[in-house]
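Observations on chain architecture
Here's the letter readout for the chains.
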Amino acid sequence: QVQLVESGGGLVQPGGSLRLSCVASGSIFSINAMGWYRQAPGEQRELVAKITSGGSINYADSVKDRFTISRGNAKNTVYLQMNSLEPEDTAVYYCNAVIQLSPRPAEYNWWGQGTQVTVSS
């Protein structure tokens, strides 16, 4: 079984910073991409940032120049450094991993349980 465990959410004032972490564990053959999505109340889940095993990175336009995604040396960990936070960033943030469970080229999406980020004065 695969697990993604997130940490680092919380309450922060506008202009503040938070760092989210996500660790993947379990019977994993390879992790082909990891990323962060978020979902605000009444909204659809949206991509925040994604990084592939080859190092390619994508950001949502709304977070470019404020958020930075990175992977740990062990490659089963992904971080999201969030600076200059705005009230509009308030949402539940979900870690996502695109995983191969065996050498067969079948990929599966796995999700963490979500961590609340609230930006408010």
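This text goes with the structure placed above it.
First things first, this report covers the structure right here in the doc. (Residues numbered from 1 in each chain as written. Predicted model: local features only at pLDDT ≥ 70, side-chain atom pairs only at ≥ 80, totals over all residues. Heavy atoms only, no water.)

The subject of this paragraph is the overall build of the protein chain. Helix and strand counts for the protein chain come out as 0 helices and 11 strands. N-terminal to C-terminal, the α/β element order of the protein chain is β-β-β-β-β-β-β-β-β-β-β. The C-alpha radius of gyration of the protein chain comes to 14 Å, within 12% of the 14 Å expected for a compact globule of 121 residues. Dimensions of the protein chain, computed from C-alpha atoms along their principal axes, come out at roughly 50 × 25 × 25 Å. Taking all 121 residues of the protein chain together, 40% fall into the buried category. The contacts in the protein chain between residues at least 6 apart in sequence include a share of 55% that link residues at least 24 apart. Accessible surface, the protein chain: about 6500 Å² in total, of which carbon and sulfur atoms supply 46%. (Helix = DSSP H or I, 4+ residues; strand = E, 2+ residues; numbered from the N terminus. Rg over C-alpha atoms; globule rule 2.2 N^0.38 Å. Buried < 20%, exposed > 50% of the residue type's maximum accessible area, 1.4 Å probe, protein only. Contact = heavy atoms within 4.5 Å. Areas by Shrake-Rupley, 256 points an atom, 1.4 Å probe, with all protein chains shown as cover.)

A few words on the side chain of Glu 6. Residue placement: Glu 6 occurs in strand β1 (residues 2-7). Arg 45 provides the closest opposite charge to the buried, salt-bridge-free Glu 6, at an N-O distance of 7.7 Å. For Glu 6, the side chain forms a polar contact with the main-chain nitrogen of Cys 95, separated by 2.6 Å. Of the polar contacts made by the side chain of Glu 6, one reaches the backbone nitrogen of Gly 114; its length is 2.6 Å. (Lys, Arg positive; Asp, Glu negative; His and termini not counted. Salt bridge = Lys/Arg side-chain N within 4 Å of Asp/Glu carboxyl O. Polar contact = N/O pair within 3.5 Å; in protein donor to acceptor, adjacent residues only side chain to side chain.)

Turning our eyes to something else, we now look at the pairing of strand β9 (residues 91-100). In regular strands, side chains alternate between the two faces of the sheet. Taking burial as the measure, the 10 residues of β9 include 9 buried ones, the bulk of the element. Where strand β4 (residues 30-39) lies against β9, 9 bridges are found, and the strand directions are antiparallel. Directly across from Trp 36, in β9, lies its bridge partner Cys 95. Here 3 bridges tie β9 to strand β11 (residues 115-119), and the two strands are oriented antiparallel to one another. By the bridge assignment, Tyr 93 is partnered in β11 with Thr 115. Between the end of β9 and the start of strand β10 (residues 107-111), which pair antiparallel, lie 6 residues. (Pairing = 2+ DSSP bridges.)

Spatial relationships are all this shows, so hold off on functional conclusions.
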